[in-house]
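One-letter residues, chain by chain:
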Amino acid sequence: MGCAVSGPNVNPDSAVSEERRSPSLEGAPDLKTEPECGGSEEPKEPFLLSEAQKGLIRASWEVLHKDIARVGVIVFIRLFETHPECKDAFFLFRDVDDLQQLKMSKELQAHGLRVMSFIEKSVGRLDQMDKLEHLAFELGRSHCRYQAPPKYYEYVGAQFIQAVQPILKEDWTPEVEKAWENLFKYLAATMRRGFYAEEKMKASQPLLSRKAGAEATPNRI
Ligand code: HEM
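Every value quoted in this text rests on a predicted model; they were computed, and no experiment measured them. (Residues numbered from 1 in each chain as written. Predicted model: local features only at pLDDT ≥ 70, side-chain atom pairs only at ≥ 80, totals over all residues. Heavy atoms only, no water.)

Colleague: Now, about the overall build of the protein chain: what can you tell me, with residues and values included?
Modeller: Along the backbone of the protein chain there are 9 helices and 0 strands. Within the protein chain, the proportion of its 221 residues that are buried is 44%. Intrachain contacts of the protein chain at a sequence separation of at least 6 include 79% that bridge at least 24 residues. Entry remark: accessible area of the protein chain is about 11,800 Å², with carbon and sulfur atoms responsible for 53%. (Helix = DSSP H or I, 4+ residues; strand = E, 2+ residues; numbered from the N terminus. Buried < 20%, exposed > 50% of the residue type's maximum accessible area, 1.4 Å probe, protein only. Contact = heavy atoms within 4.5 Å. Areas by Shrake-Rupley, 256 points an atom, 1.4 Å probe, with all protein chains shown as cover.)

Colleague: Describe in detail the packing of helix H3 (residues 68–82) against helix H7 (residues 153–168), supporting the description with residues and values.
Modeller: The interhelical angle for the contact between H3 and H7, taken along N-to-C directions, is 130 degrees, at an axis separation of 9 Å. On the basis of their axis angle, the class for H3 and H7 is oblique. You can see that H3 and H7 cross each other, and the crossing is right-handed. Residue-level inspection shows Arg70, Val71, Ile74, Val75, Arg78, Leu79 and Thr82 of H3 in contact with H7, the latter providing Tyr155, Val156, Gln159, Phe160, Gln162, Ala163, Val164 and Ile167. The class makeup of the residues in the contact of H3 with H7 is 10 nonpolar, 3 polar and 2 charged. (Axes fitted to C-alpha atoms, helices over the stretch in contact; angles between N-to-C directions. Parallel < 35°, antiparallel > 145°, perpendicular 65-115°, else oblique. Left-handed = near helix turned anticlockwise from the far one by under 90°. Nonpolar A, V, L, I, M, F, W, Y, C, P; charged D, E, K, R; others polar.)

Colleague: Give me the coordination of the iron atom of the ligand: which residues, what numbers.
Modeller: Here the protein supplies the iron atom of the ligand with just one donor, His143 (NE2), and that contact is 2.1 Å long. Of note, His143 is situated in helix H6 (residues 129–145). (Donors = N, O, S within 2.8 Å, 3.2 Å for Na, K, Ca; no water.)

Colleague: Provide a residue-level description of H6, including the pertinent values.
Modeller: Within an α-helix, residues lying three or four positions from one another point in the same direction, as the helix has 3.6 residues per turn. The end-to-end C-alpha distance of H6, which contains 17 residues, comes to 25 Å, matching closely the 24 Å that a straight helix rising 1.5 Å per residue would cover. Leu132, Glu133, Leu135, Ala136, Phe137, Gly140, Arg141, Ser142, His143 and Cys144 are the residues of H6 that are buried. In the core, the buried residues of H6 are packed alongside helix H5 (106–124), H7 and helix H8 (174–204). Directly after H6, the chain includes Gln147, whose backbone phi takes a positive value near 60 degrees. (Expected span 1.5 Å × (residues − 1).)

Colleague: Run through the nonpolar core, naming residues and quoting values.
Modeller: Of all hydrophobic cores here, the largest spans 53 residues; its most connected members are Phe80, Ile119, Phe160 and Trp180. Trp180 has contacts with Ile57, Ser60, Trp61, Leu64, Ile119, Val123, Phe160, Ile161 and Trp172, leaving out every residue within four places of it along the chain. (Core = buried A, V, L, I, M, F, W, Y, C linked by side-chain atoms within 4.5 Å.)

Structure below.
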(Lines give C-alpha, C1' and ligand atoms only; values in the text may rest on other atoms or scores of the structure.)
Protein backbone atom coordinates (compact mmCIF):
# COMPACT_ATOMS: atom_id res chain seq x y z
CA MET A 1 0.00 0.00 0.00
CA GLY A 2 1.29 3.43 -0.79
CA CYS A 3 0.87 5.81 2.10
CA ALA A 4 -0.71 9.17 1.55
CA VAL A 5 1.52 11.04 3.93
CA SER A 6 5.02 11.87 2.84
CA GLY A 7 7.03 14.99 2.36
CA PRO A 8 10.38 16.29 1.30
CA ASN A 9 11.32 17.65 4.73
CA VAL A 10 10.90 14.42 6.57
CA ASN A 11 13.70 12.04 7.36
CA PRO A 12 12.75 8.53 6.46
CA ASP A 13 12.29 6.25 9.41
CA SER A 14 15.77 4.85 9.69
CA ALA A 15 14.57 1.84 11.68
CA VAL A 16 12.49 0.67 8.73
CA SER A 17 13.87 -0.62 5.49
CA GLU A 18 12.68 0.77 2.17
CA GLU A 19 11.30 -2.67 1.36
CA ARG A 20 9.12 -2.59 4.47
CA ARG A 21 7.93 0.93 3.74
CA SER A 22 6.82 -0.05 0.25
CA PRO A 23 6.53 -3.78 0.02
CA SER A 24 5.99 -5.30 -3.35
CA LEU A 25 2.50 -6.57 -3.97
CA GLU A 26 3.94 -9.57 -5.76
CA GLY A 27 5.44 -12.77 -4.48
CA ALA A 28 4.52 -12.76 -0.84
CA PRO A 29 4.47 -16.41 0.18
CA ASP A 30 3.61 -17.63 3.67
CA LEU A 31 1.28 -14.77 4.37
CA LYS A 32 -1.26 -15.13 7.11
CA THR A 33 -4.69 -13.80 6.29
CA GLU A 34 -5.44 -13.04 9.93
CA PRO A 35 -2.37 -11.42 11.44
CA GLU A 36 -2.05 -11.61 15.17
CA CYS A 37 0.16 -9.54 17.43
CA GLY A 38 3.09 -11.74 16.49
CA GLY A 39 2.12 -11.91 12.82
CA SER A 40 4.49 -9.25 11.53
CA GLU A 41 8.15 -9.68 10.69
CA GLU A 42 8.94 -6.48 12.55
CA PRO A 43 10.88 -7.36 15.72
CA LYS A 44 8.90 -6.91 18.91
CA GLU A 45 9.84 -3.87 20.95
CA PRO A 46 10.86 -4.91 24.45
CA PHE A 47 8.67 -3.40 27.14
CA LEU A 48 11.18 -1.29 28.99
CA LEU A 49 9.14 0.01 31.89
CA SER A 50 10.25 -0.85 35.39
CA GLU A 51 7.72 -1.01 38.21
CA ALA A 52 9.01 2.38 39.41
CA GLN A 53 8.45 3.89 35.97
CA LYS A 54 4.93 2.47 35.80
CA GLY A 55 4.29 4.17 39.14
CA LEU A 56 5.58 7.49 37.80
CA ILE A 57 3.33 7.23 34.75
CA ARG A 58 0.27 6.40 36.83
CA ALA A 59 0.95 9.21 39.30
CA SER A 60 1.49 11.81 36.58
CA TRP A 61 -1.55 10.60 34.64
CA GLU A 62 -3.67 11.27 37.75
CA VAL A 63 -2.90 14.95 37.19
CA LEU A 64 -2.76 14.99 33.40
CA HIS A 65 -6.01 13.20 32.66
CA LYS A 66 -7.99 16.24 33.80
CA ASP A 67 -6.50 18.15 30.89
CA ILE A 68 -6.71 15.54 28.16
CA ALA A 69 -9.02 17.48 25.84
CA ARG A 70 -6.59 20.40 25.75
CA VAL A 71 -3.48 18.21 25.57
CA GLY A 72 -4.90 16.22 22.65
CA VAL A 73 -5.39 19.38 20.60
CA ILE A 74 -1.96 20.80 21.51
CA VAL A 75 -0.24 17.54 20.56
CA PHE A 76 -1.78 17.44 17.09
CA ILE A 77 -1.43 21.18 16.39
CA ARG A 78 2.28 20.86 17.23
CA LEU A 79 2.57 17.75 15.10
CA PHE A 80 1.05 19.68 12.17
CA GLU A 81 3.40 22.62 12.83
CA THR A 82 6.52 20.48 12.83
CA HIS A 83 5.34 17.95 10.21
CA PRO A 84 2.65 19.65 8.09
CA GLU A 85 2.48 16.62 5.80
CA CYS A 86 0.77 14.69 8.66
CA LYS A 87 -2.36 16.71 7.90
CA ASP A 88 -2.64 14.84 4.62
CA ALA A 89 -3.84 11.76 6.46
CA PHE A 90 -6.88 13.72 7.66
CA PHE A 91 -9.41 14.30 4.95
CA LEU A 92 -10.90 17.34 6.72
CA PHE A 93 -7.63 19.02 7.72
CA ARG A 94 -5.41 18.54 4.73
CA ASP A 95 -6.44 21.81 3.05
CA VAL A 96 -6.53 23.95 6.19
CA ASP A 97 -3.39 26.08 6.45
CA ASP A 98 -4.45 28.19 9.40
CA LEU A 99 -3.58 26.15 12.47
CA GLN A 100 -5.29 28.66 14.77
CA GLN A 101 -8.52 27.94 12.93
CA LEU A 102 -7.81 24.22 13.21
CA LYS A 103 -7.38 24.55 16.99
CA MET A 104 -11.07 25.46 17.23
CA SER A 105 -12.19 22.57 15.07
CA LYS A 106 -14.62 20.20 16.78
CA GLU A 107 -13.23 17.33 14.71
CA LEU A 108 -9.67 17.98 15.87
CA GLN A 109 -10.86 18.22 19.45
CA ALA A 110 -12.71 14.91 19.09
CA HIS A 111 -9.70 13.28 17.48
CA GLY A 112 -7.37 14.58 20.20
CA LEU A 113 -9.71 13.09 22.79
CA ARG A 114 -9.74 9.72 21.02
CA VAL A 115 -5.94 9.65 21.04
CA MET A 116 -5.74 10.67 24.70
CA SER A 117 -8.38 8.08 25.62
CA PHE A 118 -6.11 5.52 24.03
CA ILE A 119 -3.27 6.73 26.26
CA GLU A 120 -5.58 6.43 29.24
CA LYS A 121 -6.41 2.83 28.28
CA SER A 122 -2.69 2.11 27.89
CA VAL A 123 -1.93 3.50 31.33
CA GLY A 124 -4.67 1.24 32.68
CA ARG A 125 -2.99 -1.78 31.07
CA LEU A 126 0.58 -1.29 32.21
CA ASP A 127 0.32 -4.52 34.17
CA GLN A 128 -1.45 -6.41 31.39
CA MET A 129 1.17 -6.70 28.72
CA ASP A 130 -0.87 -8.94 26.42
CA LYS A 131 -3.79 -6.55 26.40
CA LEU A 132 -1.58 -3.52 25.91
CA GLU A 133 0.20 -5.16 23.03
CA HIS A 134 -3.06 -6.20 21.38
CA LEU A 135 -4.47 -2.69 21.75
CA ALA A 136 -1.47 -0.99 20.16
CA PHE A 137 -1.08 -3.62 17.46
CA GLU A 138 -4.72 -3.26 16.38
CA LEU A 139 -4.36 0.52 16.42
CA GLY A 140 -1.38 0.17 14.08
CA ARG A 141 -3.49 -1.98 11.77
CA SER A 142 -6.21 0.67 11.70
CA HIS A 143 -3.61 3.37 11.00
CA CYS A 144 -2.57 1.43 7.93
CA ARG A 145 -6.18 1.70 6.77
CA TYR A 146 -6.09 5.44 7.62
CA GLN A 147 -2.88 5.72 5.58
CA ALA A 148 -1.03 7.24 8.54
CA PRO A 149 2.51 5.86 8.29
CA PRO A 150 4.68 4.72 11.22
CA LYS A 151 7.49 7.21 10.80
CA TYR A 152 5.32 9.82 12.56
CA TYR A 153 4.13 7.79 15.56
CA GLU A 154 7.12 8.59 17.73
CA TYR A 155 6.70 12.31 17.07
CA VAL A 156 3.35 12.10 18.83
CA GLY A 157 5.19 10.95 21.97
CA ALA A 158 7.68 13.82 21.68
CA GLN A 159 4.86 16.35 21.30
CA PHE A 160 2.94 14.81 24.18
CA ILE A 161 5.99 15.22 26.44
CA GLN A 162 6.39 18.86 25.39
CA ALA A 163 2.69 19.52 25.98
CA VAL A 164 2.39 17.99 29.44
CA GLN A 165 5.65 19.26 30.94
CA PRO A 166 4.19 22.69 31.87
CA ILE A 167 1.10 21.06 33.43
CA LEU A 168 3.14 18.99 35.88
CA LYS A 169 5.50 21.87 36.66
CA GLU A 170 8.07 20.84 39.28
CA ASP A 171 6.65 17.30 39.37
CA TRP A 172 8.02 16.82 35.87
CA THR A 173 11.41 15.20 36.41
CA PRO A 174 13.90 13.50 34.07
CA GLU A 175 12.66 10.18 35.51
CA VAL A 176 9.04 10.96 34.67
CA GLU A 177 10.09 12.04 31.20
CA LYS A 178 12.07 8.83 30.61
CA ALA A 179 9.12 6.71 31.75
CA TRP A 180 6.73 8.41 29.29
CA GLU A 181 9.35 8.27 26.56
CA ASN A 182 9.65 4.49 27.03
CA LEU A 183 5.90 4.01 26.98
CA PHE A 184 5.51 5.95 23.73
CA LYS A 185 8.47 4.13 22.21
CA TYR A 186 6.78 0.83 22.98
CA LEU A 187 3.39 1.98 21.68
CA ALA A 188 4.88 3.42 18.49
CA ALA A 189 6.90 0.26 17.80
CA THR A 190 3.92 -2.02 18.43
CA MET A 191 1.69 0.15 16.25
CA ARG A 192 4.37 -0.04 13.57
CA ARG A 193 4.25 -3.84 13.68
CA GLY A 194 0.48 -3.73 13.35
CA PHE A 195 0.76 -1.32 10.43
CA TYR A 196 3.13 -3.60 8.50
CA ALA A 197 1.15 -6.73 9.34
CA GLU A 198 -1.97 -5.08 7.90
CA GLU A 199 -0.03 -3.83 4.89
CA LYS A 200 1.33 -7.29 4.25
CA MET A 201 -2.10 -8.84 4.60
CA LYS A 202 -3.56 -6.34 2.12
CA ALA A 203 -0.78 -7.07 -0.32
CA SER A 204 -1.62 -10.75 -0.15
CA GLN A 205 -5.30 -10.22 -0.93
CA PRO A 206 -6.71 -10.08 -4.41
CA LEU A 207 -7.26 -6.53 -5.65
CA LEU A 208 -11.05 -6.75 -5.44
CA SER A 209 -11.21 -7.74 -1.78
CA ARG A 210 -8.56 -5.13 -0.97
CA LYS A 211 -10.85 -2.45 -2.42
CA ALA A 212 -13.78 -3.76 -0.41
CA GLY A 213 -11.64 -3.79 2.74
CA ALA A 214 -10.49 -0.20 2.25
CA GLU A 215 -14.06 0.98 1.87
CA ALA A 216 -15.08 -0.82 5.03
CA THR A 217 -12.86 1.39 7.23
CA PRO A 218 -13.24 5.01 6.21
CA ASN A 219 -11.63 7.76 8.24
CA ARG A 220 -14.09 9.69 10.32
CA ILE A 221 -12.07 12.84 9.59
C1 HEM B 1 1.30 7.40 19.21
C2 HEM B 1 0.73 7.78 18.09
C3 HEM B 1 -0.75 7.74 17.80
C4 HEM B 1 -1.77 7.28 18.56
C5 HEM B 1 -1.71 6.69 19.96
C6 HEM B 1 -2.98 7.45 17.78
C7 HEM B 1 -4.24 7.11 18.21
C8 HEM B 1 -5.38 7.18 17.45
C9 HEM B 1 -6.70 6.73 17.87
C10 HEM B 1 -7.01 6.14 19.25
C11 HEM B 1 -7.53 6.95 16.84
C12 HEM B 1 -9.01 6.62 16.80
C13 HEM B 1 -9.04 5.23 16.21
C14 HEM B 1 -10.36 4.69 16.06
O15 HEM B 1 -11.22 5.01 16.88
O16 HEM B 1 -10.50 3.93 15.11
C17 HEM B 1 -6.78 7.50 15.74
C18 HEM B 1 -7.29 7.81 14.50
C19 HEM B 1 -6.56 8.38 13.49
N20 HEM B 1 -5.23 8.72 13.52
FE21 HEM B 1 -3.97 8.35 15.02
N22 HEM B 1 -2.66 8.01 16.58
C23 HEM B 1 -1.32 8.21 16.55
C24 HEM B 1 -0.60 8.78 15.53
C25 HEM B 1 -1.15 9.28 14.36
C26 HEM B 1 -0.41 10.00 13.35
C27 HEM B 1 1.05 10.38 13.44
C28 HEM B 1 -1.28 10.29 12.35
C29 HEM B 1 -1.06 11.05 11.05
C30 HEM B 1 0.04 11.05 10.38
C31 HEM B 1 -2.56 9.74 12.73
C32 HEM B 1 -3.68 9.77 11.95
C33 HEM B 1 -4.90 9.28 12.31
C34 HEM B 1 -6.06 9.29 11.45
C35 HEM B 1 -6.12 9.83 10.02
C36 HEM B 1 -7.10 8.73 12.18
C37 HEM B 1 -8.52 8.53 11.70
C38 HEM B 1 -9.31 9.74 12.06
C39 HEM B 1 -10.69 9.32 12.32
O40 HEM B 1 -11.32 8.86 11.38
O41 HEM B 1 -11.09 9.43 13.48
N42 HEM B 1 -2.44 9.14 13.95
N43 HEM B 1 -5.47 7.63 16.15
